[in-house]
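Chain by chain, the residues:
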Amino acid sequence: PTSPTPCGQGGDHTLSTQSYIQFTQGWDWIQSSPDRGTTISKGTYHVYDSKINEDWMVTYKNNVATVSVDCEECYSIDVTLMSGSGEVYNSVSVSKNVHEISIYYPELWWPWNIGSPYLYEIIFRGYDRGGVEVCSLRDYVGLKTSELVYDGKVGGNLIKVNGVEIFIQGGNWIALDQFFTKTGREEYYNVVKGHKSLGFNFIRVWGGGITENKEFYEVCDELGMMVYQEFWMTGDNNGRWAGSYSEPVNVETYNSMIYHTVKSLRKHASLTLYGGGNELYPKDLSPPDSIKRTLYEALEEYDPDRPFIMSSMDGGLQGMNMSEHSDEYALAVKDGPYGFLDVDRYFGEVNPGLVNGSDVTIAFQPEIGAASFPRFESYKIMDVGSSFPSEGDEDVPDDWQWHNFEGYSYTAIDGTTVDPIYALGKPESVEEYAVRADLASRQQYASLFRGFSAKMFEPSEEGGKTAVLLWKSQTPWPSFRGFTYDYYGAATGCADGVREGLGGEFDINAFDDWTNRSVKIVNRGMSEREGRAVTVSYYSRFGESVAPAQVFEAKKLPVGVTTLGGLEFPPGGNVTFIRTEIAGGHTSWSWRREIDGVAVHDLAELGDWRKSDHEWPGVEGKVHEVVSDDEAWRTFKVSLKVKAAIAFAPDLTARDSNGDRILPLLTDAPVLFLPANDGDAEGEGEFVVKMRSNAARPKRIEIRFWAGETVMLEI
């Protein structure tokens, strides 16, 4: 039913009068939940049975780890740190509740793409007056520092961990399920691991959502995933665009929750930044004084060394007003946009897609994204019929609108309107629509993250960036808007595009930038790397070389971006597939069509190739299980040999003996495999597929390619 008091995002802003979970009453990407956020329980949770409070904290500075812990029933407490190799570090009591541990040259906790997220075992023992042990607690802790600092060169805030500048590439997290039925360690681990496999190093737990269960933060600790935790306010519902600045009305409850959240989360090494809320503005009204004061007091008392920012975006009522922006109050003067763009805009504009974007400086972009679409097998589960939109996102079926369909059409640089689905040739069925949406998403999101990566730590006048966060990286319900993995846990074209754009788990990534006719090499590691060559090769869809390869030499690779100029696009006017290779880094693929040096959006050649009578690539393959260094995952190596034409845009599915999908499934499969007529590749390619060890045993892996061929590989 239509809300009587709708907020600007399609939901009911009256929920903001309460203290928690605003999105459950609807947004522009989700329908409302009739239970008003009371949730559906999934079993019983055993939380805590030690007399020692679980809200302990460890800070590390100048070779000393300071431990804060409490036990009302203990006369004294001992604290011990133990390394993985068995080294033991005992504490010296400053007081009953404060202990210091001297630990020189410790193993620090790092984000996964910089170093190892090292965790020490921490052991608490409580004693009575007679020296008898009455309670104990064991847990894990990482030693790290984090800072949010203003950088004058880039013109905005950046994050440092252990004193090292970190380029933030991540996503916005809502919740795994709108009824909160997915709240176990297994569910959290699968999704956070999936984020890491794409190349994300950062998750923003958005202010319209929740504070997650402790298992989420434990998983992030383990996997080296940084977390930006917001408290539970939004500009959409707390006065800026709807609702009231005086809300929530139950301030005492809200403030109590602030204290509880800070005390319970502060022990987690993954927690890197606190935020007061989403898109709060103006700073003298949002949040209310009582809540603002409580935020500062709670953090000062219980977690004083962790950075805090009040809002994700200010900049006046609608953003974009630099005179209304404060880097001490908000991360950005504007967030977004939230639709597909001409892919060249990600490289050619300082703030891609924003109207008058060159007039503002945005270094830390907390939200940017567009449409997403599930692959056809997930689409069928949604049971939303066989109709689909016409060109230009017209005639959208009612069921699609209910599931918050986001259109794909955009205005190109030349002023024309482009529908990237129909640019691949008119789809004749909803399955063909889904396949085209998948391929368009691969290209869009690869370009988005390449374009932002190409501005890593660059000067502000060149659009320098310190962070980019996808809106959104997961979805709490079956939707047609904003996610890398769909509601059921299956990867989408968005996920494959992000992985291609970031280079997955490689810290060196090279790719082509046709707006500036250059090659970009991104080093997002900790230190400068040795120089190396980059080779750019050009192929037709038959796998034939259509132009001489270009070789560029980088003398060194400092942290950040290295630009090598001189790319030359092959003549001919056909779709060209471009491979960018760098030793010790990610091999990137892109596809593009140009006529007389101008990009052409009509890619119907690819659609014709898919639906015509043609010689399929003729892919053969085999798969075998390999020994994994992670017992939680079964690892399989897939080897393919392609006989004719390229094998393009693989869609992988693992099935058990009943034919059911096995999810999650992680892979580093490239977007393209060359045929045997390419002397270098010899028509062979290898990649890895991972499935959870506790999942059903896989029977086969299916790979569907763009040209229509499906390969069944028995395990």
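First, a word on what this report is: a plain description of the structure on this page. Here the residue index of a chain counts from 1 through its sequence in written order. Residues qualify for local features only when their pLDDT is at least 70, as the model is predicted, and side-chain atom pairs are given and counted only at 80 or more; totals for whole chains, interfaces and linings, by contrast, use all residues. With hydrogens and water stripped out, all remaining heavy atoms of the structure feed into the side-chain values.

## Quick notes on the pattern of salt bridges
Turning to step 1, where the next piece is worked out: Any Lys or Arg side-chain nitrogen located within 4 Å of an Asp or Glu carboxyl oxygen qualifies as a salt bridge. Across all of its chains, the model carries 36 salt bridges by this definition.
Turning to step 2, where the next piece is worked out: Among the ionic pairs, Glu 133 bridges to Arg 125, the shortest N-O distance being 3.9 Å.
Turning to step 3, where the next piece is worked out: Type-normalised accessible area, obtained with a 1.4 Å probe on protein chains alone, sets the label of each residue: buried when under 20%, exposed when over 50%, and partly exposed for intermediate values. Of the residues examined, Glu 133 reaches a relative accessible area of 42% and is grouped as partly exposed.
Turning to step 4, where the next piece is worked out: Residue Glu 605 is joined to Arg 541 by a salt bridge in which the shortest nitrogen-to-oxygen separation is 4.0 Å. In this pair, Glu 605 is assigned in helix H10 (residues 604–611) and Arg 541 in the loop between strand E24 (529–539) and strand E25 (545–557), connecting sequence segments 64 residues apart. Counting from the N terminus, the helices are the DSSP runs of H or I reaching at least four residues and the strands are the DSSP runs of E reaching at least two.

## With respect to the sheet that holds strand E22 (residues 508–513)
Turning to step 1, where the next piece is worked out: A pair of strands counts as paired when DSSP detects no fewer than two bridges linking them. Spatial ordering of the open sheet is given by E22-E23-E26, a layout of three strands whose pairing is antiparallel. Since the sheet does not close on itself, it has two edges, and those belong to E22 and strand E26 (560–565), each with one partner. Taking each pair of neighbouring strands and ignoring which way they run, the sheet shows an average axis angle of 20°.
Turning to step 2, where the next piece is worked out: Pairing between E22 and strand E23 (residues 518–523): six bridges, direction antiparallel. Bridge pairing in E23 places Ile 508 opposite Asn 523. The axes used here are C-alpha line fits, helices contributing only the stretch in contact, and every angle between their N-to-C directions lies in the interval 0 to 180 degrees.

## A few points about the environment of Ser 479
Turning to step 1, where the next piece is worked out: One can find Ser 479 in the loop between strand E21 (467–470) and helix H9 (493–502).
Turning to step 2, where the next piece is worked out: As for Ser 479 and Asn 404, which are separated by 75 residues in sequence, their C-alpha atoms are 6.1 Å apart.
Turning to step 3, where the next piece is worked out: Apart from residues no more than four positions distant in its own chain, Ser 479 is found in contact with Trp 29, Pro 374, Met 382, His 403 and Asn 404. When checking whether two residues touch, look at their non-hydrogen atoms; a contact exists if any pair is within 4.5 Å.

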